[in-house]
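Notes for the structure review
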Amino acid sequence: MNYYNLKDAEECVSFKKASIKGQGKEKGLFFPESIPHFTEDFIQNLNQFSDEEIAFQCMKDFVSADIPELELRKIVSETIRFDIPLRKINERISVLELFHGPTLAFKDVGARFMSRCLSYFLKNEHKKVTVLVATSGDTGGAVADGFHNVPGINVVILYPKNRVSPVQEKQLTALGGNIAALEVNGSFDDCQSLVKQAFSDEEINSELFLTSANSINVARWLPQQIYYLLALKQWQKTENNSPVICVPSGNFGNICAGILAYFRGLPVDHFIAACNANDVIPRYLTTQVLEPQKTVPTLSNAMDVGNPSNFVRILELFHENFRELKDQLSGYSVNDEETLATISKVFKEDHYLLEPHGAVAYHALESYLENHPEKKGIILETAHPVKFPEAVEKATGSSVEIPESLKDLMKKDKKTTEINPEFEELKRFLFNQNS
Ligand SMILES: *Cc1c(COP(=O)(O)O)cnc(C)c1O
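Residues numbered from 1 in each chain as written. Predicted model: local features only at pLDDT ≥ 70, side-chain atom pairs only at ≥ 80, totals over all residues. Heavy atoms only, no water.

So, the layout of surface pockets
The space that makes up the second largest pocket amounts to roughly 180 Å³. Lining of the second largest pocket is provided by Glu71, Lys74, Ile75, Glu78, Arg116, Ser119, Tyr120, Lys123, Gly146, Val150 and Pro151. Listed by contribution, the elements that provide at least two residues to the lining of the second largest pocket are helix H4 (69-79) and helix H5 (107-122). No other element matches H4, which puts four residues into the lining of the second largest pocket. Counted by class, the lining of the second largest pocket contains four nonpolar, two polar and five charged residues. (1 Å grid on protein atoms, 1.4 Å probe; cavity = no way out; pocket = protein on both sides within 12 Å on 5 of 7 lines; lining within 4 Å. Points joined across faces, edges and corners; volume = space filled by probe spheres on them. Helix = DSSP H or I, 4+ residues; strand = E, 2+ residues; numbered from the N terminus. Nonpolar A, V, L, I, M, F, W, Y, C, P; charged D, E, K, R; others polar.)

Here we look at the sheet that holds strand S3 (residues 30-32)
Taking strand neighbours across the sheet as the criterion, the three strands line up as S2-S1-S3 in an open arrangement whose pairing is antiparallel. Strands with a single pairing partner mark the edges of an open sheet, and in this sheet they are strand S2 (8-14) and S3. Across the sheet, the mean angle separating the axes of adjacent strands is 35° when strand polarity is ignored. Sheet topology places strand S1 (residues 2-5) next to S3; three bridges connect them, and they run antiparallel. What sits directly across from Tyr3, in S3, is Pro32. (Pairing = 2+ DSSP bridges. Axes fitted to C-alpha atoms, helices over the stretch in contact; angles between N-to-C directions.)

Remarks on the site of the ligand
Every one of the 15 residues lining the ligand counts as a neighbour, but Lys107, Asp138, Gly250, Asn251 and Thr382 are closest to it. In this structure, an oxygen atom belonging to the ligand sits 2.8 Å away from a main-chain N or O atom of Gly250. Within the contact set of the ligand, an oxygen atom lies 3.2 Å away from a backbone nitrogen or oxygen of Gly253. With the chains in place, 97% of the 380 Å² that the ligand exposes on its own is no longer accessible. Per-class residue counts for the shell around the ligand are six nonpolar, seven polar and two charged. (Near = heavy atom within 4 Å. Polar contact = N/O pair within 3.5 Å; in protein donor to acceptor, adjacent residues only side chain to side chain. Areas by Shrake-Rupley, 256 points an atom, 1.4 Å probe, with all protein chains shown as cover.)

Remarks on helix H7 (residues 166-173)
Within H7, seven of the eight residues are buried, leaving the element largely enclosed by the surrounding structure. Among the residues making up H7, those that are buried are Val167, Gln168, Glu169, Lys170, Gln171, Leu172 and Thr173. (Buried < 20%, exposed > 50% of the residue type's maximum accessible area, 1.4 Å probe, protein only.)

So, the environment of Phe62
Residue placement: Phe62 occurs in helix H3 (residues 51-63). Overall, Phe62 belongs to the buried group, its relative accessible area being 1%. Considering only alpha carbons, one finds Phe62 and Glu355, 293 residues apart in sequence, at a separation of 33 Å. With near-sequence residues (within four places) excluded, Phe62 lies in contact with Met1, Tyr3, Phe15, Pro32, Pro36, Leu222, Gln225, Leu260 and Arg264. (Contact = heavy atoms within 4.5 Å.)

Examining the state of the cysteines
By definition, a disulfide links the sulfur atoms of two cysteines through a covalent bond. Within the structure shown, the criterion is met by zero disulfides. Looking at the unpaired Cys12, the closest cysteine sulfur is the one in Cys256, lying at 18 Å. By relative accessible area, which is 33% here, Cys12 ends up partly exposed. (Disulfide = S-S within 2.5 Å.)

Comments concerning empty space enclosed by the protein
The gaps of empty space that remain are located by a probe, the size of a water molecule, rolled over the atoms. According to the stated counting rule, one finds one cavity of 30 Å³ or more in the structure shown. The volume enclosed by the largest cavity comes to roughly 40 Å³. Contributing to the lining of the largest cavity are Ser249, Gly250, Phe252, Cys275, Asn278, Val280, Ile281, Met303, Val305 and Pro308. Each residue belonging to the lining of the largest cavity can be placed in one class, and the counts come to seven nonpolar, three polar and no charged.

Okay, here's the thing in structure tokens:
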């Protein structure tokens, strides 16, 4: 399988190239040349396959030209080495829990898959690669964990000082080794702009081999399809009709992977993009005008995105046919007040503890189901409540217990280098680290 650049289809590269480069010319996203279909037999009998086999079948057509079968089987089994359970919250809404990975957020799957692919590709190339990434919280932790101790790779993470939660900060700063955390005296936007400058700086790129690990990388985007297959595998045990699937969305990578799986033959009744106050896509779905906005800070901060990068891939899947897109995808915008009220209500009525991102999805799905009384659905819960303790405690009045797996991490020391949002400071750090 080759991947073409959505901004310039002439640029067409292998999976290996696409995952190492991250993005194409003019910052274009890579997109698979064809959409491989699942067989009918596979889709109707998912519960007869192990999770590892499903993950392998899901990924093989996308990467088999670059990664041999045995190696890929090893990579996918390491990628999903934790539970991804589907639980019923109530009669009409189930939840796919994507937070049982090492950093308690769904980004673990993409980050683990990508790190193992890069490590395979770089094994025989004696060059050191620096993964440079800006994070508002979850991405950094998942990337740090995914790449920790991977030979040949240094990771440099930029995060805004005092703007990530305590658990998130530990996940970025306590691992050490090949993972360096830069605490930036500024906002997430400052971090992102420093990273962008580094990628376009000639001096840096002539001396260091930089790559990005953000969600537009095909090696992070594509493995997210696995969630939707595992959801359906569990859904089919008790339900006859296809589910509505509601995804808390920021950069739209996760939901786009689900829609890709749908185009490959996975039976999904309808998709819902659940957004917070950053509602560019819900507005697009009513007005057909795509108008990026300045980011608004909210309680579900991993979705505070004013210009969702992956949406162009969704448009490509639908060949820009707006009517077909609207038939299959709805968008909702949920504010902070509704988010807290939803956490509180679901905790009281159903004894299920949501965190803000999952609560945005729950509220959106509930609104949709009110108008579609014959349907049932699944929300994706993308993080563990302990990653957003303030909001959860405010809504429920009780504190969130730290899971066993985090206790050791919380005891470790934080190691960071503080920098100002000045490009020269980042540059100096990168050169010192590699000298
Ligand atoms: C990143 C993230 C999202 C948004 O996912 P996208 O693929 O960017 O749409 C939602 N919830 C949590 C907890 C996240 O970390």
